[in-house]
Amino acid sequence: MDENSRMCLITNRQALEKDIKTSYIMDHMVADQVLTLQEEEKVKQQNTQKERAAMLINTLLTKDNNAYRSFYNALLHEGYRDLAALLQDGIPAFSSKNGKNAMDERTSYVKTALCEGGVPQRPVVFVSRPKLVDDIKQKLRSLGSDPGWVTVYGMAGCGKTVLTAEALRDHQLLRGCFPGGVHWISVGKQDKAGLLIKLQNLCSRLEHDSTLPQRPPLNIEEAKDRLRLLMLRKYQRSLLVLDDIWDSWVLKAFDNQCQVLITSRDRSVTDAVSGNKYEIHVESGLTHEKGLEVLALFVNMKISELPEQASCIVTECKGSPLVISLIGALLRDFPSRWEYYLKQLQNKQFKRIRKSSSYDYEALDEAMSISVEQLSNDLKEYYKDLSILPKDVKVPTKVLCILWDMETEEVEDILQEFVNKSLLFCDRNGNSFHYYLHDLQLDFLTEKNCNQLQELHKNIVNQYKRYYKLHVPVLSQEDCMYWYNFLAYHMAGANMQKELRDLMFSLDWIKAKTELVGPAHLIHEYVEYSSVLDEKDSIIRENFQEFLSLNGHLLGRQPFPDITQLGLCQPETSEVYQQAKLRAQRETGTFYLEWINKKSLKNLSRLVVRPHRDAVYHACFSRDRQRIASCGADKTLQVFKAESGERLLEISAHDDEILCCTFSADDKYVATCSADKKVKVWNSRTGKCLYVYEEHTEQVNCCQFNNRRGQYLLATCSDDTYIKLWDLKDKYCRNTMFGHVNAVSHCRFSPNDDYIASCSTDGTVKLWNVHSANELRTIEIKDFFRNADEQQDDVEVLVKCCSWSRSSDTILVVAKNKLLLFDVTTSNLLTQVIISHHSTIQYCDFCAGDELVAVALSHCSIELWNIKSLSKVADCRGHTSWVHCVTFSSDGSLFLTSSEDQTIRIWETNKVCKSSDAVLKSELDVVFHNGEVMILAIYNQKHIQLINGNTDSIIMQTEPQESLICCCCLSEDLKFAAFGQENGAIKVLRLLDGRVLTSREAYRTSVQHCRFTTDCQTLISSAHDAVIQVWNWQLNECVFLKGHKEAIKDFAFLENSKLLSWSFDGTVKVWNITTGKTEKDFACHRGAVLSCAVSPDGSRFSSTSADKTAKIWSFESSSVLHELKGHEACVRCSAFSPSNKLLATGDDKGDIRIWDILTGELLHFCSSVTVDEEEPTHGGWVTDLSFSPDSKMLVSSGGYLKWWDVTTGESLQTFYTNGTNLKSIHVSPNFDVQNLKDIGIEVEEIVPCVHSNDGYS
């Protein structure tokens, strides 16, 4: 301090000590950061006013010029103008060049940082607790530059929030430790949907100065990732404050390697997160002396001057800062009512039926009741209106403006009255105010006004409807998110059944809400408000809930699917379909499709969830069937509710792909194993990592807990050839079982826990004794795949997995395409089933009754087999890529499947088994005849069916064939059909009666393709060899087309008895089918030729290849005209436009390119914009393409169907099928109908017809 200033203080010291009251003077100085809380406390400890003033001046003399200026300004502010005049001559000059006070700069910096960060302001009356504030500061400084957590914990109402906010009013702390700012979010008790709202609001606040507006994140994972990027890139070295945390799972959304301070009632909430952790405990209430100090500050008296009732009031308030503040605010306005308010507290005048509450403060009722009674009648009514505000939600002023039909300024004036009386809290967010009630206050209001809540909810709904009329809020409006999140809550509270049904059963509302916040909150509302929605019947609510449950994984994507098109795919009896139909009819200029034969396909899934951002390798039910754990290529462990898909835990669990997860018998633990060679055990509720085992030396493929409760044994197996047995009470492996010579892919405890079975790529299954860890026996699985002339070592069999019967007497083993059932005691083979000749089994699981077995197949389907009758019970479709896992619940009522397509599907066993859907093989033929779609299909690989696609009726079905049917074809006159079989036979039958007319033993391998010529007299066929056969079946004459060096991929007819064929040898040939000679030979590609297309004028053809190129060739010159480069994956298909000007090509990445066939120039790149980086733009491979007759539209098949505008390359419509990946498209001559092997579709303007790899009809 300047000498002049110092002398001025000393000279006038006597006058200052005589007159000043220090409490309010010090408030200003603490706020200006020139007086610490410890110094303030030291002054207050003096006995008399004069002693307190003397101590303050002594402290002031040890400080700098800023302290002098602050003291001088405080005197002026508190009315001591005469004393301030005495110090005026000692005011030190400004030292900064711009004349700005450095102290003012610091004060301004703190205020700005806290205001922008949403930190609550000091309450009207503030009592310092310097030790606790300093403890918080010290812990925050202890974080240093490392990520970590500081937890301020204690009972509700103890002042955690106020103390935390006070600790942040420190210039040095903010400048030195958190120059990136402070970001405060009030969390409270939340479900997943509520947490998402909080995260959306936080991200919006942090992005407020972004040049481009960002849509709110659609799910917690996306919000977490966006928050991580914001904190990493924009707000480095900042502090995130999470106020009022109730549940540990909430913190996972903020576990982003940043610095976090939380307030909570629960000391253990940070157990589930990683990083440095520090704790500060706040006692449950104020000390008696502090309570008296609060009252003294409210009534502007010394503690010693307080009446005797003050001590009793503090006692009745039980130390709660909130309750004492409520009473203090009343006494400030009515200072003579000490006795009256004491009696109110003691006699509990406010009587009510008390509901169970999280807070044990009975005095709150009385304090709140007294406070409300002192309001004017108008204010009482306004305050009563707040009874229906949602908990832990900060309500924008605009919402209350609509509720009360007032201007903003009028509403803010009313609410400020409540704030001043500690009846309401206010936060400033930018230029607007948000208001909220403490849980204690809201509990009081809802119980006090319990008989009027319905009317209060009704009032706010009516005011909303009056304000918005037929419109809905838009994102730019301050109140938008409130209405989308809580309008249904208010309607349900009002029991406004019609209004709630109109809202929740509206595709317009679903579309608007899901585009803003995703589907999760809506699904939650259907469950939450089912009692109101089901007042008449539950059918409509079930329609909409099922629609969202089965399409939520689509609605969570970007770009957003057309909800009208999704609705049109629902059953015609569904209210969702009825609304979609009306929307489609109203909207002009939009292209929609209506599915003709959708009655034939029942969606058997109960729920579809997409918890991962990459392939899902494994999933399993908890033993109580309430939860599901899943893991996969994204390195995370997810735990979610089996009923709704609500996420409970998300853990970044390993450093590499997680290959398996399992619940313990009591559901207390979840174990995971990974390609990072580690095994980890987690608390299944909190997500805390309890054990890490690192003894395996290669990737760990499988883990499984034993089945007996109370004993925690974990078996793991690895590529290192070992099976290890862990006891969770020990730190190290209990036993290592060795004997396999190759990687061990799977292991399982027997249900009685006596044995462990292990499966290996060495072709064996071994059984081990759990107690001794000794090998009991080895079953040589590869023996059952060896031909008579093969040696045992020549056979390679990868044993995928096994499953025990409930009795532990038999074990089911999976290898290649077989299920093999063995007797455990004798190792004898009891039975075997060949599941499929065209795909391998990925996984299997026994149902609880030991009869039903579920198998996951590589061609994207799941089959259920009765192992006793050796019959297939059901075929389940829906996944669009490999199914990695299938697992039954413990009681067998449900089973789940996980897939490469990033989804998990939950199925009801009984529903699936009762389904009568016919399973059609992917190879079929279609003829469009007189406005009807006639489909020849292979049913269950044994029958041929002729189906009317318009009516879905079966016209003809053959008797079962002795050999499996591989392909089929129709004659154009619909008189004949032909089919090829696995044994190499080809048969021709008459459609009128299904009688086989003739047959030929054509091949030694399965027939792949067969087609009639236009005169229907000749049949062209190919198999898994290099020869094409031209069979005049009426004359029984055959011509062999030999020339390709590898298997034929496919062929197509040309004019004048010519045939175009392409092969895996990279060549394309033109044949004369009459002479059997090659007329032209094209060496097209280095890799296999995957497809060819012929131009409409017959002068050119295109070839596509696995070498990622497409080429356009001239028939006349036998030369390549253009090599089309740019695809980044196998080019699988191509199509010429009818105008003969364009060629479209599609690849395995999901991209489509449109080329000018004259110049070879790329005209358009057709690729949907997608936010999900791992999501293929076409949902998978592009498998087929077809132009409309006017060449203006292109339809493509893949993971789903897409229609494109050829002129712009933009997507016109997307059709999501319920089956597997689509294989090819059959188009009617006028493009009115297209067929999708198993699915026919009809549109008002254009209707295509397409088919998939496998599916239902």
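Residues numbered from 1 in each chain as written. Predicted model: local features only at pLDDT ≥ 70, side-chain atom pairs only at ≥ 80, totals over all residues. Heavy atoms only, no water.

### Some words on the overall build of the chain
So, point 1. If you tally the helices and strands in the chain, you get 33 helices and 71 strands.
So, point 2. A total of 1257 residues make up the chain; the buried ones form 60% of that total.
So, point 3. For the chain, the share of sequence-separated contacts (at least 6 apart) that also reach a separation of at least 24 residues comes to 53%.
So, point 4. In the structure as shown, the chain presents an accessible area of about 51,100 Å², 46% of it carried by carbon and sulfur atoms. (Helix = DSSP H or I, 4+ residues; strand = E, 2+ residues; numbered from the N terminus. Buried < 20%, exposed > 50% of the residue type's maximum accessible area, 1.4 Å probe, protein only. Contact = heavy atoms within 4.5 Å. Areas by Shrake-Rupley, 256 points an atom, 1.4 Å probe, with all protein chains shown as cover.)

### A few points about the confidence of the model for the chain
So, point 1. Looking at the chain as a whole, its pLDDT mean stands at 84, while 89% of the residues score no less than 70.
So, point 2. Taken together, the stretch residues 1233-1257 has pLDDT below 50 and engages in 146 contacts with residues farther than four places along the chain or on a different chain. (pLDDT = per-residue confidence, 0-100.)

### Quick word on a negative patch on the surface
So, point 1. A contiguous patch of negative charge, built from Glu407, Glu409, Glu410, Asp413 and Glu417, is present on the exposed surface.
So, point 2. Turning to its location among the elements, Asp413 is positioned in helix H22 (residues 408-420). (Patch = residues over 30% accessible without salt bridge, like charges linked within 9 Å, V, L, I, M, F, W, Y side chains within 5 Å. Salt bridge = Lys/Arg side-chain N within 4 Å of Asp/Glu carboxyl O. Lys, Arg positive; Asp, Glu negative; His and termini not counted. Charge placed at Lys NZ, Arg CZ, Asp CG, Glu CD.)

### Re helix H25 (residues 480-493)
So, point 1. With 14 residues, H25 extends 20 Å between its outermost C-alpha atoms, agreeing within 8% with the 20 Å of an ideal straight helix rising 1.5 Å per residue.
So, point 2. In the structure, H25 departs most strongly from a straight axis at Phe486, where the bend amounts to approximately 50 degrees.
So, point 3. Burial analysis of H25 places 12 of its 14 residues in the buried class, which makes it a mostly covered element.
So, point 4. The set of residues buried in H25 consists of Cys480, Met481, Tyr482, Trp483, Tyr484, Asn485, Phe486, Leu487, Ala488, His490, Met491 and Ala492.
So, point 5. In the stretch just after H25, Asn495 is the one whose phi turns positive, near 55 degrees. (Expected span 1.5 Å × (residues − 1). Bend = angle between axes of the 7 residues up to and from the residue.)

### What to know about helix H9 (residues 130-142)
So, point 1. Across its 13 residues, H9 extends 18 Å between first and last C-alpha, which sits within 8% of the 18 Å expected from 1.5 Å per residue.
So, point 2. Burial in H9 covers these residues: Pro130, Leu132, Val133, Ile136, Lys137 and Leu140.
So, point 3. Taken from the residues just after H9, Gly144 is the one with a positive phi, measuring 60 degrees.

### Focus: the nonpolar core
So, point 1. Formed by 79 residues in total, the largest nonpolar core has its most connected members in Tyr383, Leu386, Trp404, Phe418, Trp483, Leu500 and Tyr526.
So, point 2. Ranked by residue count, the leading element in this core is H25, at 10 residues.
So, point 3. For Phe418, the residues in contact, after removing those within four places along its chain, are Leu375, Leu379, Tyr382, Tyr383, Leu386, Leu423 and Leu424.
So, point 4. Ala84, Leu87, Phe126 and Leu261 belong to the second largest nonpolar core, which has 57 residues in total. (Core = buried A, V, L, I, M, F, W, Y, C linked by side-chain atoms within 4.5 Å.)

### Examining the environment of Gly90
So, point 1. Tracing the backbone through its elements, the reader meets Gly90 in the loop between helix H7 (81-87) and helix H8 (102-116).
So, point 2. Here Gly90 falls in the buried class, since its relative accessible area comes to 1%.
So, point 3. Distance from Gly90 to Arg69, taken between C-alpha atoms, is 9.4 Å for residues 21 residues apart in sequence.
So, point 4. In this structure, Gly90 is in contact with Asn4, Ser5, Cys8 and Tyr68, ignoring residues within four places of it in sequence.

### Looking at the packing of helix H3 (residues 22-31) against helix H4 (residues 37-44)
Two packed helices can be described by the angle between their axes and the distance between those axes.
So, point 1. Where H3 meets H4, the closest approach of the two axes is 11 Å, and the angle between their N-to-C directions is 175 degrees. It follows that H3 is roughly antiparallel to H4 by the angle criterion. For the pair H3 and H4, contact is made by Thr22, Met26, Asp27 and Val30 and by Leu37, Glu40, Val43 and Lys44, respectively.
So, point 2. Classifying every residue of the contact of H3 with H4 by side-chain character gives 4 nonpolar, 1 polar and 3 charged. (Axes fitted to C-alpha atoms, helices over the stretch in contact; angles between N-to-C directions. Parallel < 35°, antiparallel > 145°, perpendicular 65-115°, else oblique. Nonpolar A, V, L, I, M, F, W, Y, C, P; charged D, E, K, R; others polar.)

### Remarks on the sheet that holds strand E61 (residues 1152-1156)
So, point 1. As summarised here, the arrangement of the 4 strands in space is E59-E60-E61-E62, forming an open sheet in which the pairing is antiparallel. The two strands at the open ends of the sheet, each matched to only one other strand, are strand E59 (1131-1136) and strand E62 (1162-1166). If you compare each strand with its neighbour and ignore which way they point, the axes differ by 20 degrees on average.
So, point 2. Of the strand pairs in this sheet, strand E60 (residues 1142-1147) and E61 are connected by 5 bridges, and their pairing is antiparallel. Within the sheet, the bridge partner assigned to Ala1144 lies in E61 and is Ile1154. (Pairing = 2+ DSSP bridges.)

### Considerations on the environment of His884
So, point 1. Looking at where His884 falls in the secondary structure, it is placed in strand E35 (residues 883-888).
So, point 2. Separated by 267 residues in sequence, His884 and Tyr617 place their C-alpha atoms 5.5 Å apart.
So, point 3. Excluding its chain neighbours within four sequence positions, the residues that come into contact with His884 are Ala615, Val616, Tyr617, Gln842, Tyr843, Ser898, Ser899 and Glu900.
So, point 4. Within the local environment of His884, its side chain forms a polar contact with the side chain of Glu900, the two groups lying 2.5 Å apart. (Polar contact = N/O pair within 3.5 Å; in protein donor to acceptor, adjacent residues only side chain to side chain.)

### A closer look at the pattern of salt bridges
So, point 1. Evaluation of the coordinates by the stated rule reveals 43 salt bridges.
So, point 2. A salt bridge links Asp225 to Arg228; its shortest N-O distance comes to 2.8 Å. Here Asp225 pairs with Arg228, and both are found in helix H13 (residues 220-234), just 3 residues apart, close to one helical turn.
So, point 3. Residue Lys398 is joined to Asp479 by a salt bridge in which the shortest nitrogen-to-oxygen separation is 4.0 Å. With Lys398 in helix H21 (residues 397-404) and Asp479 in the loop between helix H24 (453-468) and H25, this residue pair connects regions lying 81 residues apart in the sequence. Of the two residues examined, Lys398 and Asp479, each falls in the buried class.
So, point 4. Each of Glu40, Glu41, Lys44, Lys290 and Glu293 takes part in salt bridges that share partners, so that together they form one network.

### Considerations on the environment of Ala1110
So, point 1. Note that Ala1110 resides in strand E57 (residues 1110-1114).
So, point 2. The spacing of Ala1110 and Ser1091 is 19 residues in sequence and 9.5 Å in space, taken between C-alpha atoms.
So, point 3. In this structure, Ala1110 is in contact with His1085, Ser1103, Thr1104, His1122, Glu1123, Leu1124, Val1131 and Thr1145, ignoring residues within four places of it in sequence.

### Observations regarding the packing of aromatic side chains
So, point 1. According to the stated counting rule, one finds 28 aromatic pairs in the structure shown.
So, point 2. Arranged with centres 4.8 Å apart and planes meeting at 55 degrees, the rings of Tyr382 and Trp404 form a pair that is tilted. Highlighted residues: Tyr382 in helix H20 (residues 377-385) and Trp404 in helix H21, separated in sequence by 22 residues.
So, point 3. The exposure class of Tyr382 is partly exposed, given its relative accessible area of 21%.
So, point 4. We classify Trp404 as buried; its relative accessible area is 9%.
So, point 5. Centre to centre, the rings of Phe1082 and Phe1101 are 4.9 Å apart; their planes meet at 75 degrees, and the pair counts as edge-to-face. Here Phe1101 lies in strand E56 (residues 1100-1105) and Phe1082 lies in strand E54 (residues 1077-1083), a separation of 19 residues in the sequence. For the pair Phe1082 and Phe1101, one class covers both residues: buried. (Phe/Tyr/Trp six-rings, centres within 6.5 Å; stacked < 30°, edge-to-face > 60°.)

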